[in-house]
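Chain and residue survey
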Amino acid sequence: MEKLVIGGGNRLSGRVRISGAKNAVLPIIAATLLGQDSPSVLDEVPSLEDVHTITAVLRELGVKAEFCAGTNQLFVDGTVIGRCEAPYDLVRRMRASFLIMGPLLARCGQAKISLPGGCAIGMRPIDLHLKGFEALGASIKIGHGFIEAAAPDGLKGAKIYLDFPSVGATENIIMAAAMADGQTVLENPAQEPEIVDLANYLNVMGARIRGAGTNVIKIDGVPKLTGRGYTIIPDRIEAGTYMVAAAMTRGDVYIENAISEHLKPIIAKLKEAGATLEEDTEGIRVTCDHRLKSIDIKTMPYPGFPTDMQAQFMAMMAVSEGMGTVTETVFENRFMHVDELKRMGANIRVDGRTSYVTGTDRLSGCQVKATDLRAGAAMVLAGLVADGETQVGYIHHIDRGYDNLVEKLVSLGANIRRVDE
Ligand code: UD1
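Note that the structure is predicted; figures quoted are calculated from it, not measured. (Residues numbered from 1 in each chain as written. Predicted model: local features only at pLDDT ≥ 70, side-chain atom pairs only at ≥ 80, totals over all residues. Heavy atoms only, no water.)

**So, the overall build of the protein**
Of regular secondary structure, the protein possesses 14 helices and 26 strands. The 421 residues of the protein split such that 58% are buried. Looking at the protein alone, contacts between residues at least 24 apart form 74% of all its contacts between residues at least 6 apart. Summed over all atoms, the accessible surface of the protein reaches about 16,000 Å², with 47% contributed by carbon and sulfur. (Helix = DSSP H or I, 4+ residues; strand = E, 2+ residues; numbered from the N terminus. Buried < 20%, exposed > 50% of the residue type's maximum accessible area, 1.4 Å probe, protein only. Contact = heavy atoms within 4.5 Å. Areas by Shrake-Rupley, 256 points an atom, 1.4 Å probe, with all protein chains shown as cover.)

Rendered as structure tokens:
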């Protein structure tokens, strides 16, 4: 097993380029299953474990899928789909595998997928995905660890209201409805930039989707979609993580390829904490030469503060001046990094969905673990500013979502390396 070893007291400076967005590329890879006649070629595909997992899922379906690490291109030929069943072994590795349900239903009229199971950051049910499929006319059966959906006569457009703007349910429903008969109106959908990216790709393939990124999405079903080329948007969470790293280490970093429009709550909160941010069309420069002030954050669906940045901000607040609060409203159990930060000397008290963080002068390096992807990023950030050496274990979680993390941090002058345990 590998771990990260981080020497403390780093100050980051230089330029870092943000990779394609994990949460955009995963649904878009699932959507390649809708493309007939010609293959899809995706550009700016980050080299991540999650990308390799969903690509393996496609191959399991008999689809040709090839990733080229040198060019960050993924080639998928969805012309022929051999089978409509995804096995437990792959689905259990990554919940987002469930995103193939919508496209398979649309393309094959049926799909059988292993239940994704529980997850470290809460129950994460899929009821909203299933309600959406049922509204489109599919019948759902659950048993023996599998979910089976069938729509032998095809899906039919419908009016669907989501009780909560779930990102995954919005994506699955859009993909299923893209080839349904008639119009689907999706109310209270997720409005994340990754939803807009998926809709843009589907529209390039010939779909008729309007309103992505707003609170009503209208999808006029088309009989057929065609494989096409598409470039994935930059990862706003990766960008946010480097922005926090720059501010926390009192550094000076230009984050190339960061889209300010997608990063509004992160920019606002970093400014409130006392960092200096300069935005231009190519990226964002983050500088800081003093100790940051604590702030209050509350996670919300987009355009609110992203739950995927909560752990990193908590690491920042652990060394800021004063007391701040972190309230998590999206997931019910996303404070596992608190105990790990406390091992490094952080002063944090959890009461229900709110953590009270009182900044300390210095964290002390020690052995910690990445309890999930973003919690892992928080441990790396804490390690960068701690006294002495920090060792972060269970880094397979970090590899799920950060492209070349060690190389990028080293290029900014960080003392970090990957070693075999
Ligand atoms: C996506 C992101 C993840 C991010 C999350 C919230 C991907 C691959 N992952 O996950 O990084 O943290 O959005 O921004 O894009 N829920 C239900 N029923 C459902 C579906 C969801 O109750 O059918 C609940 C979940 O339990 C959770 C909340 O809704 O509490 C948000 O989940 P959702 O928006 O669906 O997140 P994901 O799509 O799984």
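Let's pick the thread back up.
**Quick look at the site of the ligand**
In the vicinity of the ligand lie 18 residues, with Asp127, Leu128, Ser166, Asp308 and Val330 positioned nearest. Contact distances for the ligand include 3.3 Å between an oxygen atom and a backbone N or O atom of proline 125. For the shell around the ligand, the secondary-structure elements that each account for two or more residues are α5 (127-135) and α6 (167-177). Ranked by residues supplied to the shell around the ligand, first place goes to α5 with three residues. Both domain 1 (2-19 + 234-420) and domain 2 (22-221) contribute no fewer than three residues apiece to the shell around the ligand. (Near = heavy atom within 4 Å. Polar contact = N/O pair within 3.5 Å; in protein donor to acceptor, adjacent residues only side chain to side chain. Domains from an automatic or database assignment.)

**Observations regarding the nonpolar core**
The biggest cluster of nonpolar side chains holds 78 residues, and the ones touching the most others in it are Leu58, Ile100, Leu202 and Leu225. With seven residues, the single largest contributor to this core is helix α1 (residues 22-31). With residues near it in sequence (within four places) discarded, leucine 225 still touches Leu34, Gly35, Gln36, Ala178, Met179, Leu202, Met205, Gly206 and Ala207. With 72 residues, the next largest nonpolar core counts Ala273, Leu292, Met314 and Leu409 among its residues. (Core = buried A, V, L, I, M, F, W, Y, C linked by side-chain atoms within 4.5 Å.)

**Notes on the domain arrangement of the protein**
Partitioning the protein into structural domains gives domain 1 (2-19 + 234-420) and domain 2 (22-221). Inter-centroid distance (C-alpha atoms) of domain 1 to domain 2 is 30 Å. If you look at where domain 1 meets domain 2, you find three salt bridges. For the interface between domain 1 and domain 2, the tally reads seven residue pairs in polar contact (both at pLDDT 80 or more). By residue class, the composition of the side of domain 1 that touches domain 2 is seven nonpolar, five polar and 11 charged. (Salt bridge = Lys/Arg side-chain N within 4 Å of Asp/Glu carboxyl O. Nonpolar A, V, L, I, M, F, W, Y, C, P; charged D, E, K, R; others polar.)

**Side note on the state of the cysteines**
Using the criterion set out here, one finds zero disulfides in the structure. Between cysteine 108, a cysteine without a disulfide, and cysteine 84, which holds the nearest cysteine sulfur, the sulfur-to-sulfur distance is 3.0 Å. (Disulfide = S-S within 2.5 Å.)

**Points about the layout of surface pockets**
In this structure, the second largest pocket occupies an estimated 280 Å³ of space. Forming the walls of the second largest pocket are 16 residues, and the residues nearest its centre are Met248, Arg250, Val319, Arg362 and Val385. Of the residues assigned to the lining of the second largest pocket, the class counts are seven nonpolar, five polar and four charged. (1 Å grid on protein atoms, 1.4 Å probe; cavity = no way out; pocket = protein on both sides within 12 Å on 5 of 7 lines; lining within 4 Å. Points joined across faces, edges and corners; volume = space filled by probe spheres on them.)

**Comments concerning α5**
The α-helix winds at 3.6 residues per turn, so residues separated by three or four positions along the chain end up facing the same way. Along α5, the positions that sit buried rather than exposed are Leu128, His129, Leu130, Gly132 and Phe133. Looking at the buried side of α5, the elements it contacts are α4 (101-108), β9 (139-143), β10 (146-150), β11 (159-161) and α6. Following α5 by one or two positions, glycine 137 has its phi on the positive side, about 105°.

**A word on helix α7 (residues 193-204)**
Here α7 is 12 residues long and its end C-alpha atoms lie 17 Å apart, about the 16 Å a rise of 1.5 Å per residue gives. Looking at α7, one finds that the buried residues are Pro193, Glu194, Ile195, Asp197, Leu198, Ala199, Tyr201 and Leu202. Backbone geometry just downstream of α7 places glycine 206 in the positive-phi region, at approximately 115°. (Expected span 1.5 Å × (residues − 1).)

**Some remarks on the environment of glycine 35**
As for its placement among the helices and strands, glycine 35 is situated in strand β3 (residues 35-36). On the accessibility criterion, glycine 35 (1% relative accessible area) is buried. A sequence separation of 192 residues divides glycine 35 from glycine 227, and the C-alpha atoms of the two residues are 4.0 Å apart.

**Focus on the packing of α1 against helix α2 (residues 49-60)**
Interhelical geometry of α1 versus α2 gives an angle of 5° and a closest axis separation of 10 Å. By the angle between their directions, the pair α1 and α2 is classed as roughly parallel. In this structure, α1 uses Lys22, Val25, Leu26, Ile29 and Ala30 to contact α2, whose residues at the interface are Asp50, Val51, Ile54, Thr55 and Leu58. Taken together, the residues of the contact of α1 with α2 break down into seven nonpolar, one polar and two charged. (Axes fitted to C-alpha atoms, helices over the stretch in contact; angles between N-to-C directions. Parallel < 35°, antiparallel > 145°, perpendicular 65-115°, else oblique.)

**Re the sheet that holds strand β5 (residues 64-68)**
The mixed open sheet is built from four strands, whose spatial order is β5-β6-β4-β16. Among the strands making up the open sheet, the edge pair consists of β5 and β16 (229-231). Geometrically, the sheet is characterised by an average inter-axis angle of 15° between neighbouring strands, direction not taken into account. Note that strand β4 (residues 40-43) and β16 share three bridges and pair parallel. Its bridge partner being in β16, aspartate 43 is matched across the sheet by threonine 231. (Pairing = 2+ DSSP bridges.)

**Considerations on empty space enclosed by the protein**
In this structure the tally under the stated criterion is three cavities of 30 Å³ or more. Reported here for the largest cavity is a volume of approximately 60 Å³. Lining the largest cavity, in full, are Thr241, Tyr242, Ala245, Ala377, Val380, Leu381, Leu405 and Leu409. Of all the secondary-structure elements, those providing two or more residues to the lining of the largest cavity are α8 (236-248), α12 (373-385) and α14 (405-411). Along the lines of polarity and charge, the residues of the lining of the largest cavity split into seven nonpolar, one polar and no charged.

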